[in-house]
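Descriptive structure summary
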Amino acid sequence: MKRLPALLGLLLLLSGLASGSGLLLFRTQALPGGVQLEWAAANAPGVIRYGIDRQDGPADDFDHLTSLTAGSQSRYSYFDRHTRPVAADGSAVTYRLTVHTAAGAQAYLSSPPPAASAPLDSCWHLIKQMFR
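Residues numbered from 1 in each chain as written. Predicted model: local features only at pLDDT ≥ 70, side-chain atom pairs only at ≥ 80, totals over all residues. Heavy atoms only, no water.

The name recorded for the protein chain in an unreviewed UniProt entry is Fibronectin type III domain-containing protein, from Hymenobacter lapidiphilus.

So, in structure tokens, the structure goes:
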């Protein structure tokens, strides 16, 4: 029974790799002047491009920000200068990364964490992010 979460995590990773997306990491971070998006991709030769969209509130539609052509690098990033990590209504801004392949598209969501009031809060948030 203790191995079930590890097995489920492995199956999730393998299903992502089998779908051709090969996405290993997608995170957002609030910085002065905007939000930094970073993602890491496994060697996925079928990936054509990455699309980045932003949702400013839960009732809003996603707005397309940019598309990046997939290359040979394993890490990508984008800095969104035109937003704050919290929408006007107090909800978190949500980003969508769409991985476009010849077989279709797979989307992933991320929201920047709230600013930590103390270093311990920041560490705890990072630990929780790793196990999502």
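1. A few points about the pattern of salt bridges
Counted according to the given criterion, the structure contains four salt bridges. The closest approach of N and O atoms between D53 and R96, which form a salt bridge, is 3.1 Å. Placement of the pair is D53 in strand 3 (residues 47–55) and R96 in strand 6 (residues 94–101), with a sequence separation of 43 residues. Assessed through its relative accessible area of 8%, D53 is described here as buried. By sharing partners, the salt bridges in this structure join R54, D56 and D80 into a single network. (Salt bridge = Lys/Arg side-chain N within 4 Å of Asp/Glu carboxyl O. Helix = DSSP H or I, 4+ residues; strand = E, 2+ residues; numbered from the N terminus. Buried < 20%, exposed > 50% of the residue type's maximum accessible area, 1.4 Å probe, protein only.)

2. Let's talk about a negative patch on the surface
On the surface, a cluster of negative charge is made up of D60, D61, D63 and D89. As for its placement among the helices and strands, D63 is situated in strand 4 (residues 63–69). (Patch = residues over 30% accessible without salt bridge, like charges linked within 9 Å, V, L, I, M, F, W, Y side chains within 5 Å. Areas by Shrake-Rupley, 256 points an atom, 1.4 Å probe, with all protein chains shown as cover. Lys, Arg positive; Asp, Glu negative; His and termini not counted. Charge placed at Lys NZ, Arg CZ, Asp CG, Glu CD.)

3. Regarding the sheet that holds strand 5 (residues 75–80)
Through backbone hydrogen bonds, the strands of a sheet pair up, either in parallel or in antiparallel fashion. Across the sheet, three strands lie side by side as 1-2-5; this open sheet has antiparallel pairing. Two strands bound the open sheet, and with one partner strand each, they are strand 1 (23–31) and strand 5. Neighbouring strand axes in the sheet, compared pairwise and without regard to direction, differ in orientation by 15° on average. In terms of strand pairing, strand 1 meets strand 2 (residues 34–41) through eight bridges, oriented antiparallel. Opposite L23, over in strand 2, you have A41 as the bridge partner. (Pairing = 2+ DSSP bridges. Axes fitted to C-alpha atoms, helices over the stretch in contact; angles between N-to-C directions.)

4. Thoughts on the sheet that holds strand 3
Taken together, the four strands give an open sheet; going across it, the order is 4-3-6-7, and neighbouring strands pair in antiparallel fashion. Both outer strands of the open sheet, strand 4 and strand 7 (104–110), are each paired with one neighbouring strand and no more. Taken pair by pair, the neighbouring strands of this sheet meet at an average axis angle of 20°, ignoring direction.

5. So, the environment of S72
Relative to the helices and strands, S72 is located in the loop between strand 4 and strand 5. The spatial distance from the C-alpha of S72 to the C-alpha of A41 is 9.8 Å, given a sequence separation of 31 residues.

6. What about the nonpolar core?
Judged by nonpolar contacts, the single largest core of 15 residues is most densely connected at F26, L37, W39, Y50, I52, Y95 and L97. Sorting the residues of this core by element identifies strand 1, strand 2, strand 3, strand 5 and strand 6 as the ones contributing at least two each. Looking at this core, the element that brings in the most residues is strand 2, giving four residues. With residues up to four places along the chain from it excluded, the contact list for L37 reads F26, R27, T28, I52, Y76, S77, Y78, D80 and Y95. (Core = buried A, V, L, I, M, F, W, Y, C linked by side-chain atoms within 4.5 Å. Contact = heavy atoms within 4.5 Å.)

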